[in-house]
Amino acid sequence: MGTVAAGREAPARLLKVAAAQVGAVHRWTDRADTLRRLISLLEDAAGRGAQLVLFPELTLTTFFPRYLIADEKELASFFEYGEDVTRSANAGKLFQRADELRIDICVGYAERTPDGHSYNTCVYFSANEHTVIMKYRKSHLPGTKEPYKEPGAINQLEKRYFEEGQEGFSAFRVPGMLNGTMKKSSNSDGDISAVGKGDPIVGILICNDRRWSEAWRVYGLQGAELILCGYNTTAWAPHLHGKHNQSREQSKADAYFYHKLVMQSNSYTNSCFSVCAARCGLDDNEFPLIGGSCIVGPNGRIIAEAQTEEDEVIFAEIDLTGCRPGKETTFNFGKHRRTELYRMLVDEKGVVEPDLLSD
Ligand code: CDV
């Protein structure tokens, strides 16, 4: 736990945030047992004074996209149905408890819409509003649609089970977390700069999204102060990574390294805090997922970090004014960005190499 000092005269914007890391959830795990564990993590975070708790990607079940599931009934059992996940039998009590405890929660789950579309989704529930104020659908789906041909290969079939989210990266303000924030009405003629004075600006990513700096930058351009990212990151998937000769130990070490690399570097280059929460441990006593849930500061340094690969709460009090130095100096986008030079970023999807040299 730590408090990040602003190092400036501006009044502090203190926020108590937590990541609820969730250990192994097996294919056969009873949904009610998982829900009890999640509520217990929430209560643990509440005991430490958390105002906001992030839960992982696909919090409510095992990471089912690793399996080719032929039985439609079993596949259907991993999804939540209806417009409002806070009323779902598998998750409703978690949202109710958050509401009672007056804590905001951000929760990932598999969504099946009333018209039959499937997404890897995450919602932000505001205790102040007693409702979901943001729904984000995963934009970058890793892996393959068809399973690998080699028997025993570990699959990542998100492209089979989910559609890509189309909504993009909408930052949003969370109400009721800070006192004395500037509102529209208090600055109706806009004569005072509201930058860094309103309610906290938050953005959501889901797992693989965190590896795409474009996604972070879109949030950065909206002034995001806090990025939330739940994940399930395999520690061992040689086919997925195209590294067939790597040892299990090296694969796991790499998975931790790249996870922290992207959380730290993108927090730094957008001068924002980030919280990430893992679903981890040995699912089905067979499939390892990394832990590494952490809270990162706008200078890219880790403030708090999980010590286990089991259920664990990671907590820190952060001061959002700590985003200002980076946003006003090195990463003052309005001052330094060269948008006229970045056209290729949106015009090209894949790599376009320079022409070959002549003989
Ligand atoms: N659930 C994920 O999106 N997992 C991916 C894969 C590639 C391990 C990840 O980026 O962590």
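Position labels on residues start from 1 in each chain and follow its written sequence. pLDDT decides what is reported in this predicted model: residues at 70 or higher carry local features, side-chain atom pairs at 80 or more are listed and counted, and totals for whole chains, interfaces and linings draw on all residues regardless. Only hydrogens and water are removed before side-chain values are computed, so all heavy atoms of the structure are retained for them.

A. Helix α1 (residues 31-47), seen in detail. Going along the chain from the N terminus, every DSSP run of H or I of four or more residues is numbered as a helix, and every run of E of two or more is numbered as a strand. Under the convention used throughout, the expected extent of a helix is 1.5 Å for every residue step, that is, one less than its residue count. With 17 residues, α1 extends 24 Å from end C-alpha to end C-alpha; this agrees with the ideal 24 Å at 1.5 Å per step. The complete set of buried residues in α1 reads Arg31, Thr34, Leu35, Leu38, Ile39, Leu41, Leu42 and Ala45. Mapping the buried residues of α1 onto a view down its axis gives an arc of 155 degrees, with all of them on the same face. When the buried face of α1 is taken as reference, the exposed residues oriented beyond 90 degrees from it are Arg36 and Gly47. Whether two residues touch is decided by their heavy atoms; if any such pair falls within 4.5 Å, the residues are in contact. The elements touched by buried residues of α1 are β1 (14-21), β2 (52-54), β3 (80-81), α3 (92-101), β4 (104-112) and β15 (312-319). Backbone geometry just after α1 places Gly49 at a positive phi near 95 degrees. In this scheme, a residue with accessible area under 20% of its type's maximum is buried, one over 50% is exposed, and one in between is partly exposed, where area comes from a 1.4 Å probe on protein chains only. To be clear, the arc concerns the directions from the helix axis to the C-beta atoms.

B. The arrangement of a nonpolar patch on the surface in detail. Taken together, the side chains of Leu341, Tyr342, Leu345 and Val346 present a nonpolar region at the surface, about 430 Å² in accessible area. Summarising the element assignment, Val346 is placed in helix α10 (residues 344-347). Residue Val346 is classed as exposed on the basis of its relative accessible area of 71%. Candidates for patches are residues over 30% relative accessible area with no salt bridge; among them, like charges are joined within 9 Å and nonpolar side chains (Val, Leu, Ile, Met, Phe, Trp, Tyr) within 5 Å. Method for areas: the Shrake-Rupley scheme with a 1.4 Å probe, in which residue coverage is limited to the protein chains shown. In what follows, salt bridge is the name for a side-chain nitrogen of Lys or Arg lying within 4 Å of a carboxyl oxygen of Asp or Glu.

C. Structural detail: the sheet that holds strand β9 (residues 226-231). Strand order in this open sheet of 6 strands is β7-β8-β9-β10-β13-β14, and the pairing throughout is mixed. The strands lining the two open edges of the sheet, one partner per strand, are β7 (172-173) and β14 (302-305). Strand pairing is assigned whenever DSSP identifies at least 2 bridges connecting the two strands. The sheet contact formed by β7 and strand β8 (residues 201-206) spans 2 bridges and is antiparallel. Note that in β8 the partner of Phe172 across the bridge is Val202.

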